[in-house]
Amino acid sequence: MQLLKVEENGTAKLFFLSSAFWFALGTLEGFTCATQLVIPDLYGGIAGLVFGRVRPMHTTTMIFGFAGCALIGSAHYIMPSVLRTSLWSERLGKISLWLWNLAILTGIVALDLGYSQGREYAEWIWPANVLVLLSMGLIFLNLLQTAVNRQEKLMYVSTWYIFGGLIYTWFIYFFGHAVFNFKGAITGLPDAILAWFYGHGIVGLFLTPLAIAIAYYIVPRVARSPLYSHVLSLVGFWTILVIYTSIGTHHILQTPVPVWLKTMAVSGSIAMIIPVFTVLVNLWLTMRGRLGFFHADIGGRFVMAGLVWYILTCTQGPIQALPVVQRVTHLSNWVIAHSHMGVFGFSGMIGLGGLYYILPRITGKPLYSGRLADVQYWLLILGMSAFFTVLTAGGLVQGHAWLNGTTVYRTLPMIHIYFVLRAATGLLFIGAAFIGLYNVIRTIRGDQAQGERIFGEEFQGELQ
């Protein structure tokens, strides 16, 4: 079958193409939501376009479609590269790819038809969840067999993060989505605890480990310098796996959750400073004095931008987990700004960095257009910066109004201008997504724009 055609790095290539496609669709879904916040009756009550359906379509498309595909695609290239072997089975890789895409399609179509578990980030119906688990199991099997057949004895830290992310994600997905219950969500407070064990874990134990694995692979190569410390990299790995599993409850501190669980969540959130800054210090010391190389490499530039957003995300996160801060920020647009900074600013940008660094090495040719990649980069930097600023400001207005006893309907006129600016910012994301989709398609086809410079002197040498 053509869909399962065996070709070197074919799995990674198709995951990257899938990421670019889902990115374009996900931004359109997000813009649809944003415009409804400005003009609630804009789409005339069409069932498939109501906010309650499109919003979970947007979040899951961006998490699993855009960021997930980019990160998993990078893993299928990084693992064979650092282990000095070929991917165990390209055919199995493509089976897992199509199952992953089928899961995303099933999930978002069901949501558009009104079928949902009604749990944030865990809205997909049972069949879509089974497809995700099956695909992830096949991905793990494929990469595990690749590691078994490796020529390199040392397991570089990227492999640790990839395996850790896949194993932890499979289990938190199974329990967080209540896959053991055919009907989906369970009931009562236990469901809320379980849902946020998953909701926060999908960011910290799926997107984060895979993004860090990419950073650990790309940063030393772009900097042309060995990793500063292998020991620090493993300290960061083990501490994130130990600490992150217990912090999801900080999303529901205002509920009658057991006090010991709240205490674990808040203290664990603060303790996350340890793995985060261990990783960042290690990577920054690796690239110290070599930032010029990152300016010249578009993949390296995306990764470096993602690391900057990682600093901001994981500095803000522990602070907003504190109950005294949540009195103002909880359930406001501040939280929306923070989640976008984590999912898109950090893992999404690093996912794009992996895509742009690896794709030319898969195709054997430079990117179709370095200028288009440049434009996409700056659109996303401007868009994410504006989005974060607008929603953080709007969230503070909203939160303080509620704290002072202002009713919800009186708060809405105060933040309307922020919703307008949010929708306008969305146009930058849409433009960037479609530019990226066009660039990826032309690159995979092997096209080359006229008069283009090639990013990355190292890669130019490889081509020669």
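As a starting point, this report considers the structure included with it. (Residues numbered from 1 in each chain as written. Predicted model: local features only at pLDDT ≥ 70, side-chain atom pairs only at ≥ 80, totals over all residues. Heavy atoms only, no water.)

A count of helical and extended segments in the protein chain gives 16 helices and zero strands. On C-alpha atoms alone, the protein chain measures out to a radius of gyration of 21 Å, which is about the 23 Å that the 2.2 N^0.38 rule sets for 464 residues. Seen through its C-alpha atoms, the protein chain measures out along the principal axes to roughly 65 × 50 × 45 Å. Taking all 464 residues of the protein chain together, 58% fall into the buried category. (Helix = DSSP H or I, 4+ residues; strand = E, 2+ residues; numbered from the N terminus. Rg over C-alpha atoms; globule rule 2.2 N^0.38 Å. Buried < 20%, exposed > 50% of the residue type's maximum accessible area, 1.4 Å probe, protein only.)

Bringing the pattern of salt bridges into the picture now. Applying the stated criterion to the full structure yields eight salt bridges. Lys13 is paired through a salt bridge with Glu7; the nearest N and O atoms lie 3.8 Å apart. Overall, the relative accessible area of 27% leaves Glu7 in the partly exposed class. Ionic pairing is found between Glu152 and Arg84, a salt bridge with its closest N-O pair at 3.0 Å. With a gap of 68 residues between them, Glu152 in the loop between helix H4 (126-148) and helix H5 (157-176) and Arg84 in the loop between helix H2 (51-83) and helix H3 (90-112) connect regions that are remote in the sequence. The exposure class assigned to Arg84 is exposed, which follows from its relative accessible area of 58%. Three or more residues are tied together by salt bridges with common partners; here these are Glu7, Lys13 and Lys94. (Salt bridge = Lys/Arg side-chain N within 4 Å of Asp/Glu carboxyl O.)

The next thing to look at is empty space enclosed by the protein. Taken as a whole and judged by the stated rule, the model has three cavities of 30 Å³ or more. In this structure, the second largest cavity spans a volume of roughly 50 Å³. Around the second largest cavity, the lining residues are Ser19, Ala20, Phe23, Phe66, Leu352, Leu355, Tyr356, Gln376, Ala433, Gly436, Leu437 and Val440. Those elements that provide at least two residues to the lining of the second largest cavity are helix H1 (10-38), helix H13 (333-363) and helix H15 (408-445). With four residues, H15 is the largest single contributor of residues to the lining of the second largest cavity. Grouping the amino acids of the lining of the second largest cavity by side-chain chemistry returns nine nonpolar, three polar and no charged. (1 Å grid on protein atoms, 1.4 Å probe; cavity = no way out; pocket = protein on both sides within 12 Å on 5 of 7 lines; lining within 4 Å. Points joined across faces, edges and corners; volume = space filled by probe spheres on them. Nonpolar A, V, L, I, M, F, W, Y, C, P; charged D, E, K, R; others polar.)

Here helix H11 (residues 298-320) contains 23 residues, and its C-alpha end-to-end distance of 33 Å stays within 8% of the 33 Å for a straight helix at 1.5 Å per residue. With 18 of 23 residues buried, H11 is to be regarded as a mostly interior element. Capping the start of H11 is the job of one residue whose side-chain oxygen sits 3.0 Å from the backbone nitrogen of Gly299: Asp297. (Expected span 1.5 Å × (residues − 1). Polar contact = N/O pair within 3.5 Å; in protein donor to acceptor, adjacent residues only side chain to side chain.)

In terms of nonpolar packing, the biggest core is built from 127 residues, with Phe64 and Trp100 touching the most fellow members. Here this core takes 19 residues from helix H6 (residues 188-223), the largest share from any one element. Contact partners of Trp100, with chain neighbours within four places excluded, come to Phe15, Phe64, Cys69, Ile72, Val132, Ser135, Met136 and Phe206. (Core = buried A, V, L, I, M, F, W, Y, C linked by side-chain atoms within 4.5 Å. Contact = heavy atoms within 4.5 Å.)

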